[in-house]
Amino acid sequence: MTVTDTDVKPAASEPGLTSTPTKRPGFNTATVALAAVFIAMFAFVAAVFAVGVAARAVDHANQLEDKIAAGGGAAAGPSANPSVTLTEFKIAPNALTMPASGGVIKIQNAGTAVHNLHVDTLASADIPAGASGQLEVKGLKAGTYKMWCSIVGHEGLGMTGTVTIG
């Protein structure tokens, strides 16, 4: 004879005992899994918040650096010989004002890569990391012109600014 589910008879139980297991409160597989899910969600939210705070701090530091490079953020008048600093990947200050007679932009490459400076059709030579150069700005009519680094990809990464003549 074979034993099947229908052949098995429940054991006689004593008063107060049940044949089905009872769940006890406390730590079991389900509560541990639920706790792990909540901890993972909290860690994810904390990481997203930390990245946001860090991005804001970097943006604030860049703005402060630009103000310092521009002379404390005060509105500067036209300068015949302004200076710019090139780094990865920005030009500081990113806005210059020059007199109608033009002048020479002094360029310092404080970055780790080769950079250059273009204003309209005028261009400096490529400047190695740690070196300096200059760009003579003459013959431009009064107006605002774009300045940028023409090394491949640098303009797209933020190495742009403006030069206002006049």
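**Remarks on the overall build of the chain**
A count of helices and strands for the chain gives one helix and nine strands. The helix and strand sequence of the chain, counted from the amino end, reads α-β-β-β-β-β-β-β-β-β. Counting all 166 residues of the chain, 22% fall into the buried class. Sequence separation of at least 24 residues holds for 50% of the intrachain contacts in the chain that already meet a minimum separation of 6. Carbon and sulfur atoms make up 63% of the accessible area of the chain, which amounts to about 11,400 Å² in all.

**With respect to the sheet that holds strand E2 (residues 90–92)**
Pairing in this open sheet of four strands is mixed, and the strands run E2-E1-E4-E7 from one edge to the other. Two strands close off the open sheet at either side, each with one partner strand: E2 and strand E7 (132–137). In this sheet, neighbouring strand axes are inclined to one another by 25° on average, regardless of whether the strands run parallel or antiparallel.

**Description of the pattern of salt bridges**
Enumeration according to the criterion identifies one salt bridge in this entry. A salt bridge links Glu155 to Lys146; its shortest N-O distance comes to 2.1 Å.

**Looking at the packing of aromatic side chains**
On inspection of all chains with the given rule, the structure shows zero aromatic pairs. Its end group placed over the ring of Trp148, Lys146 keeps NZ or CZ at 5.6 Å from the ring centre.

**Some points on the nonpolar core**
Grouped together as the largest cluster of nonpolar side chains are 20 residues, with contacts concentrated most on Val84, Ile105, Ile107, Leu117, Val119, Val137 and Val163. Put simply, the parts of the chain that give this core at least two residues each are strand E1 (83–87), strand E3 (95–98), strand E4 (103–109), E7, strand E8 (143–148) and strand E9 (160–165). Val163 has contacts with Leu96, Met98, Ile105, Val119, Gly143, Thr144, Tyr145 and Met147, leaving out every residue within four places of it along the chain.

**Thoughts on the environment of Met98**
For Met98, the position within the fold is in strand E3. By relative accessible area, which is 0% here, Met98 ends up buried. The sequence separation of Met98 and Thr164 amounts to 66 residues, and the corresponding C-alpha distance is 6.1 Å. For Met98, the residues in contact, after removing those within four places along its chain, are Pro78, Ser79, Ala80, Pro82, Gly103, Val104, Ile105, Val137, Val163, Thr164, Ile165 and Gly166.

**Quick look at the sheet that holds E9**
Sheets are built from strands paired through backbone hydrogen bonds, the pairs being either parallel or antiparallel. Judged by pairing direction, the sheet is mixed, and its five strands sit side by side in the order E3-E9-E8-E5-E6 without closing on themselves. Only two strands of the sheet have a single partner each, and these edge strands are E3 and strand E6 (122–123). Across two bridges, strand E5 (residues 118–119) lies against E6 in antiparallel orientation. Residue pairing across strands places His118 opposite Ala123, the latter belonging to E6.

**Some points on the environment of Ile105**
Its place among the elements puts Ile105 in strand E4. Each C-alpha atom of the pair Ile105 and Glu136 lies 6.3 Å from the other, and the pair is 31 residues apart in sequence. When residues no more than four places from it in sequence are discounted, the contact partners of Ile105 are Pro82, Val84, Leu96, Met98, Leu117, Val119, Gly133, Gln134, Leu135, Val137 and Val163.

**Digging into the pairing of E9**
By the alternation rule, side chains of E9 split into Gly161, Val163 and Ile165, which are all buried, and Thr160, Thr162 and Thr164, of which none is buried. One ladder, built from four bridges, connects E3 with E9; its direction is parallel. Note that in E9 the partner of Ala95 across the bridge is Thr162. The sheet contact formed by E8 and E9 spans six bridges and is antiparallel. Within E9, the residue paired with Thr144 across the bridge is Thr164.

What counts, and where the lines are drawn
Residues numbered from 1 in each chain as written. Predicted model: local features only at pLDDT ≥ 70, side-chain atom pairs only at ≥ 80, totals over all residues. Heavy atoms only, no water. Helix = DSSP H or I, 4+ residues; strand = E, 2+ residues; numbered from the N terminus. Buried < 20%, exposed > 50% of the residue type's maximum accessible area, 1.4 Å probe, protein only. Contact = heavy atoms within 4.5 Å. Areas by Shrake-Rupley, 256 points an atom, 1.4 Å probe, with all protein chains shown as cover. Pairing = 2+ DSSP bridges. Axes fitted to C-alpha atoms, helices over the stretch in contact; angles between N-to-C directions. Salt bridge = Lys/Arg side-chain N within 4 Å of Asp/Glu carboxyl O. Phe/Tyr/Trp six-rings, centres within 6.5 Å; stacked < 30°, edge-to-face > 60°. Lys NZ or Arg CZ within 6 Å of the ring centre and 35° of its normal. Core = buried A, V, L, I, M, F, W, Y, C linked by side-chain atoms within 4.5 Å.

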